[in-house]
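# Per-entry structural report
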Amino acid sequence: MTNFKQIRFPIHSALAFVLLAASHSALSHTRLDIPVVMEGVRVANNVVISHGCGEGTNVISQSVVFPDGVDSIVKVDGVQSTNVVTDFLSNWGNLNQKILSYNVFKHENEKTDADGNVVGFWVRDGKMPDYYNVFVPFRAGAAVIDSDSCAVSVKVVVAVADICKITNISGFAEGIVNLWTPAVGSNYDGPGLHGYDSPATLTYTRNLETNPLPPTCGGTGVAVEVIPSAAQLNRDMPIVNTDGKQIWPKP
Ligand SMILES: [Cu+2]
């Protein structure tokens, strides 16, 4: 073991590098200000943009989409299930509203589905330097976990695009756009980009005092995850002006 010191150093360095890289990405990706909320609690939340698309770039627009609960992917303990969102969140739909703010972005609007429920929002005409942080505020409504379900937590996956340059879909690249979306096979997966398959999330935890697990759950309960479908992201990720004109991506 005379070589111990010689081999120990590179291993230690490699470990330090991995830890540094992990903490960097955890800190620097676009995430929610308050990523975990107890059910029944309404909070003022923010989408936090922590960097642009590289040195010298500005985030000029952002698009945010929540799963609509219509054709969303539902996973139970990590396994895709045939359940629907309302099996676990009894009041899902229209829970998240944009809080109006022209601090950074000069135009904004909510995105709605055919029934007028808010499924996301967009902001544009801003200029956030790469080295800045920006809060995009929204009101996260009080979700209710279905009392008959065994869910102890429901993690809602949120798709976000931080846009530094307006292009068409084929123009998506490093330095142009950061896509914090689940890789579900939509036009907004962004394979190879910085935020690939690293979406923001909002987790509701069950209030076990007021909403105890049914005895049939066996005491442990399940962790549920709700992910927007590719069809929904293709429909809802674009930024469309009130006059119907699509701003991003360029058609
Ligand atoms: Cu990052």
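Values in this document were obtained by computation on a predicted structure and should not be read as measured data.

## Structural notes on the overall build of the chain
- If you tally the helices and strands in the chain, you get two helices and 18 strands.
- Sequence separation of 24 or more characterises 69% of the internal contacts of the chain that already satisfy a separation of 6 or more.

## A word on unusual backbone geometry
- Note that the residue after W248, namely P249, is joined by a cis bond; omega there is -15°.
- Tracing the backbone through its elements, the reader meets P249 in the segment after β18 (246-248).
- Despite not being glycine, D77 shows a phi value in the positive range, around 50°.
- You can see D77 is positioned in the loop between β6 (73-76) and β7 (79-81).
- On the neighbour-count criterion, D77 (12 C-beta atoms within 10 Å) is exposed.

## A short note on the nonpolar core
- Formed by 57 residues in total, the largest nonpolar core has its most connected members in V154, V158, V160 and V226.
- Looking at which element gives the most residues to this core, the answer is strand β13 (residues 151-163), with nine residues.
- Filtering out sequence-adjacent residues up to four positions away, V158 remains in contact with V64, F66, P199, A200, T201 and L202.

## Considering the sheet that holds strand β12 (residues 134-140)
- The strand order β1-β3-β12-β8 describes an open sheet built from four strands, whose pairing is antiparallel. Each edge of the open sheet carries a strand with a single partner, namely β1 (31-32) and β8 (96-98).
- Pairing of strand β3 (residues 43-49) with β12, which is carried by seven bridges, proceeds in the antiparallel orientation. Within β12, the residue paired with N46 across the bridge is P137.

## Regarding the pairing of β3
- Inspection of the sheet shows β1 paired to β3 by two bridges, in the antiparallel sense. Counted as the bridge partner of R31 is V48 from β3.

## Thoughts on the environment of D33
- Secondary-structure assignment places D33 in the loop between β1 and β2 (36-38).
- Judged by local crowding, D33 falls into the partly exposed class, with 15 C-beta atoms found within 10 Å.
- Expressed as a C-alpha distance, the spacing of D33 and V47, which sit 14 residues apart in the sequence, is 6.1 Å.
- The residues touching D33, leaving out its near neighbours within four places in the chain, are N45, N46, V48 and F135.

## Considering the pairing of strand β15 (residues 200-205)
- In β15, alternate side chains face the same way, and those of A200, L202 and Y204 are buried while those of T201, T203 and T205 on the opposite face are not.
- With three bridges connecting them, β2 and β15 associate as parallel partners. When the sheet's bridge partners are listed, V36 is paired in β15 with T203.

## Re the confidence of the model for the chain
- Averaged over all residues, the pLDDT of the chain equals 91, while 89% of them reach at least 70.
- Note on residues 1-26: pLDDT is under 50 here. Beyond four places in sequence and across chains, it has zero contacts.

Cut-offs applied
- Residues numbered from 1 in each chain as written.
- Predicted model: local features only at pLDDT ≥ 70, side-chain atom pairs only at ≥ 80, totals over all residues.
- Helix = DSSP H or I, 4+ residues; strand = E, 2+ residues; numbered from the N terminus.
- Contact = placed C-beta atoms within 7 Å.
- Buried ≥ 20, exposed ≤ 12 C-beta atoms within 10 Å, placed from the backbone.
- Core = buried A, V, L, I, M, F, W, Y, C linked by C-beta atoms within 7 Å.
- Pairing = 2+ DSSP bridges.
- pLDDT = per-residue confidence, 0-100.

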